[in-house]
Amino acid sequence: MAEVVGVRFKEVGKIYYFDPTDIKFEQDEMVIVETARGVECGQIASTNHDVADEEIVHPLKKIIRKATKADIKRLEANRELEKKALEICEKKVLEHNLDMKLVNVEYTFDNSKLLFYFTADGRVDFRALVKDLASVFKTRIELRQIGVRDEAKMLGGLGVCGRPFCCSSFLGDFQPVSIKMAKDQGLSLSPVKISGTCGRLMCCLKYEEEAYLDLIKNTPKYGAIVKTPLGKGRVVEVSLVTGTLKVHMDNTPEEAAPQVFKVKEVKLLKDGFTKKISKEEAEDLKNLE
């Protein structure tokens, strides 16, 4: 076990562990730390606590000191410099006729490096741009290509639910989301209905997956043969949330309306199957994950 504190460098970013060097830190306190990018100013996201050694990336870097008022002013000054740097870089991108979209700019705390984040459909040869930017800003320049999920996290916005993006409001890391989750939850597999503003599968599909998997274990599938209070029949529709089944009774005509039963009212005689995705649907969905 080792004593650590968790430090976050972005408002809703990943939490990194640091050695508190026997100092007790308070929640949301600003600190100066040494990182792989250089000296940075971060915020305490989790106070002093013990974690298992296997959860730590060794060697564990130490916190240099608590941030001073001068450090906070410098951080604010860097934010203003970043705005100007973004405007300059956008002009330079147009001058070099590069097919890329600038998303965000970050100065390291000690101004030793300037990072530009961008999106692009393919690879971009930005070597000439880097040289041009280095001559303007007189510091190390790094251009980093990011994906559409990272872009949404940096820029923020409102999701289809009307709430701020999960990724920019509380998700520190992106959770893996798959088409299977949408299938498990009985959702329409239309890309428009299951993708977020970023164009990828909605992160919220992950939240209720465990509950749906538990319901699936105890619910007959589509096409299952079941025994009901009215006789034997075949399941033609499943509603996991309400816990009900629509069953076409064997003793009724084919065109007759199905009967509705609660899952607890039926006995499974022969299980059904999970509906497969057609080749056309799979083609439409392959780029969403």
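Above this note sits the structure.
Residues numbered from 1 in each chain as written. Predicted model: local features only at pLDDT ≥ 70, side-chain atom pairs only at ≥ 80, totals over all residues. Heavy atoms only, no water.

(A) Structural view of the overall build of the chain. Along the backbone of the chain there are eight helices and 13 strands. Summarising its shape, the C-alpha atoms of the chain cover approximately 85 × 55 × 30 Å along the three principal directions. Taking contacts inside the chain between residues at least 6 apart in sequence as the whole, the part at least 24 apart equals 58%. When the 47 positive and 46 negative side-chain charges of the chain are each reduced to one mean point, those points stand 2 Å apart. (Helix = DSSP H or I, 4+ residues; strand = E, 2+ residues; numbered from the N terminus. Contact = heavy atoms within 4.5 Å. Lys, Arg positive; Asp, Glu negative; His and termini not counted. Charge placed at Lys NZ, Arg CZ, Asp CG, Glu CD.)

(B) The arrangement of the pattern of salt bridges in detail. Under the criterion given, the structure shown has 16 salt bridges. The closest approach of N and O atoms between K180 and D184, which form a salt bridge, is 2.9 Å. Placement of the pair is K180 and D184 together in helix α5 (residues 179–184), with a separation of four residues, close to one helical turn. We classify D184 as buried; its relative accessible area is 13%. Note that E254 is salt-bridged to R234, the shortest N-O span being 3.9 Å. Here R234 lies in strand β10 (residues 231–239) and E254 lies in the loop between β11 (244–249) and β12 (259–262), a separation of 20 residues in the sequence. The exposed category is assigned to E254, whose relative accessible area is 58%. Several salt bridges share partner residues, and in doing so they unite K92, E95 and D132 into one network. (Salt bridge = Lys/Arg side-chain N within 4 Å of Asp/Glu carboxyl O. Buried < 20%, exposed > 50% of the residue type's maximum accessible area, 1.4 Å probe, protein only.)

(C) Quick look at the nonpolar core. Among the nonpolar cores identified, the biggest contains 18 residues, and M100, L114, F116, L133, F137, I141 and L143 are the most heavily contacted of them. When contributions to this core are tallied by element, the ones reaching two or more residues are α1 (69–95), β6 (101–107), β7 (113–119), α2 (127–137) and β8 (140–145). When residues in this core are grouped by element, the largest group, four residues, is from α2. Look past the residues within four positions of L114 in its chain and what remains in contact with it is A85, V105, E106, Y107, F137, T139, R140, I141 and E142. Residues M181, L189, L201 and M202 belong to the second largest nonpolar core, which totals eleven residues. (Core = buried A, V, L, I, M, F, W, Y, C linked by side-chain atoms within 4.5 Å.)

(D) Main features of the sheet that holds strand β3 (residues 30–35). Strand order in the open sheet formed by five strands is β2-β1-β4-β3-β5, with antiparallel pairing between adjacent strands. Looking along the sheet, the strands with just one partner apiece sit at the ends: β2 (15–18) and β5 (63–66). Direction aside, the axes of adjacent strands within the sheet are offset by 45° on average. Note that strand β1 (residues 2–8) and β2 share four bridges and pair antiparallel. When the sheet's bridge partners are listed, G6 is paired in β2 with Y17. (Pairing = 2+ DSSP bridges. Axes fitted to C-alpha atoms, helices over the stretch in contact; angles between N-to-C directions.)

(E) Quick look at the side chain of E209. Relative to the assigned elements, E209 resides in helix α7 (residues 209–217). At 4.4 Å, K180 is the nearest oppositely charged side chain to E209, a buried residue that forms no salt bridge. Sequence-distant contacts of E209, that is, excluding residues within four places in its chain, are made with K180, M181, D184 and Q185.

(F) Spatial organisation of the environment of R200. With respect to the helices and strands, the residue R200 is situated in the loop between α6 (191–194) and α7. Sequence-distant contacts of R200, that is, excluding residues within four places in its chain, are made with V148, R149, I194, S195, N287, L288 and E289.

(G) Examining unusual backbone geometry more closely. Of note, the phi angle at D28 is positive, near 70°, even though the residue is not glycine. Take D28: its relative accessible area is 46%, and that puts it in the partly exposed class.

(H) Spotlight on the packing of aromatic side chains. For the structure shown, the criterion picks out five aromatic pairs. Plain terms: the ring middles of F118 and F126 are 5.8 Å apart, the flat faces sit at 80° to each other, and that makes the pair edge-to-face. What makes F126 partly exposed here is its relative accessible area of 22%. Between F170 and Y207 the ring centres are 6.4 Å apart and the planes differ by 40°, which places this aromatic pair in the tilted class. In this pair, F170 sits in the loop between α4 (166–169) and α5 while Y207 sits in the loop between α6 and α7, placing the two residues 37 residues apart along the sequence. (Phe/Tyr/Trp six-rings, centres within 6.5 Å; stacked < 30°, edge-to-face > 60°.)

(I) Structural view of the side chain of D71. Mapping D71 onto the fold places it in helix α1. When sequence neighbours within four positions are dropped, the list of residues in contact with D71 reads I32, R65, K66 and F109.

(J) Expanded view of the sheet that holds strand β9 (residues 225–228). Across the sheet, which stays open at both edges, the five strands sit in the order β12-β11-β10-β9-β13 with antiparallel pairing between neighbours. Since the sheet does not close on itself, it has two edges, and those belong to β12 and β13 (267–270), each with one partner. Going from strand to strand, the sheet's axes swing by 45° on average, the running direction of each strand aside. Sheet analysis places β11 next to β12, joined by four bridges and oriented antiparallel. Counterpart to K246 in the pairing with β12 is V260.

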